[in-house]
Amino acid sequence: MHDMTVTIKDAAGIEGMRTAGRLAAEVLDYLAPYVRPGVTTNELDRLAHDYIVGVQQAIPAPLNYAPSGYQPYPKSICTSVNHVVCHGIPNDKPLKKGDIVNIDVTVIKNGWHGDTSRMFLVGEVPPHARRLCQVTYEAMWKGIERVRPGVRLGDIGHAIQAYAESAGYSVVREFCGHGIGQRFHEDPQVLHYGRPGTGMEIRPGMTFTIEPMINQGRREIREMGDGWTIITKDRSLSAQWEHTVLCTEDGYEVLTCSAGMPAPPAFIGASASPAPA
């Protein structure tokens, strides 16, 4: 990881990131009423694609995204159901009552990327699955609330790891948050585990995602034959939430805010609340 590849956004860049982030969050707001038993993830993908392209006049970043060594991703969103950790490809299998699903959206607007994901509960969900989703959400915010100038990335990872593991869960280590801006993935890598006081120092103008993947069972994962879908090796449930965050002069601003996003946990004080969309 080389510090020189981290982009510091100026005022115009921050405005571009705010717009892209808000649009990404609004896609999730739009999809929320459709996430119910019987809908297919392919249908959710079609709805998202048409909304991003037709209504927002933006670009779905995942569609045909092809990092080195990967086949182009074939859909506009990622839908990761139950034991799928991340990068689940939408398909024709209907969601059923009791499923949990992560929907991950990245939009490009005027060259800037906004990246966010949420867990959705499909119908009545068992308490153990609901708890996993809630603890994962809180773990993400434990990381977000650490963001301010001078803090190190290891401080963020440690806050997330300590919170998740204290609840009896495990943290996926092979995937992490990332810098984001005019490119989908930039430096730095934002690990969701770590030691306090280690890693890169955060500076104002940095924008990156915090997106912990937390497993109910063991942390080991495996890749499916499609080259994208990642599942828990022990088939235990996995949950993930994601926000794009800006380091400000005195703290942080969550860029992926919208009217329909879940409220931050109670431990996030008023002074540390995300800026309104």
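Reading guide: rules and limits
Residues numbered from 1 in each chain as written. Predicted model: local features only at pLDDT ≥ 70, side-chain atom pairs only at ≥ 80, totals over all residues. Heavy atoms only, no water. Helix = DSSP H or I, 4+ residues; strand = E, 2+ residues; numbered from the N terminus. Buried < 20%, exposed > 50% of the residue type's maximum accessible area, 1.4 Å probe, protein only. Contact = heavy atoms within 4.5 Å. Pairing = 2+ DSSP bridges. Axes fitted to C-alpha atoms, helices over the stretch in contact; angles between N-to-C directions. Phe/Tyr/Trp six-rings, centres within 6.5 Å; stacked < 30°, edge-to-face > 60°.

Right, let's get into the environment of Lys-97. Counting through the fold element by element, Lys-97 comes out in the loop between strand E3 (84–86) and strand E4 (100–109). Exposure remark for Lys-97: the relative accessible area of 60% places this residue in the exposed category. Sequence-wise, Lys-97 and Glu-124 are 27 residues apart; in three dimensions their C-alpha atoms are separated by 6.1 Å. When near neighbours in sequence (up to four residues on either side) are disregarded, Lys-97 contacts Pro-37, Val-122, Gly-123 and Glu-124.

Okay, the sheet that holds strand E10 (residues 213–215) next. The sheet built from three strands is open, its strands ordered E6-E10-E13 with antiparallel pairing. Of all the strands in the sheet, just strand E6 (170–171) and strand E13 (238–240) have a single pairing partner and so form its edges. The sheet contact formed by E6 and E10 spans two bridges and is antiparallel. Pairing of Val-171 across the sheet is with Ile-214, part of E10. In the packing of helix H3 (residues 127–144) onto the sheet, the strands contacted are E10 and E13, and the crossing angle to E13 comes to about 35 degrees.

Think of a pair of aromatic rings as described by two things: how far the centres are apart, and how the planes are tilted against each other in angle. Applying the stated rule across the entire model yields eight aromatic pairs. Arranged with centres 4.2 Å apart and planes meeting at 10 degrees, the rings of Tyr-30 and Tyr-51 form a pair that is stacked. Of the two residues, Tyr-30 sits in helix H1 (residues 11–31) while Tyr-51 sits in helix H2 (residues 41–55), which places them 21 residues apart along the sequence. On the basis of relative accessible area, Tyr-30 is assigned to the partly exposed category, the value being 26%. A ring pair is formed by Tyr-73 and Trp-228, whose centres lie 5.2 Å apart and whose planes are at 80 degrees; its orientation type is edge-to-face.

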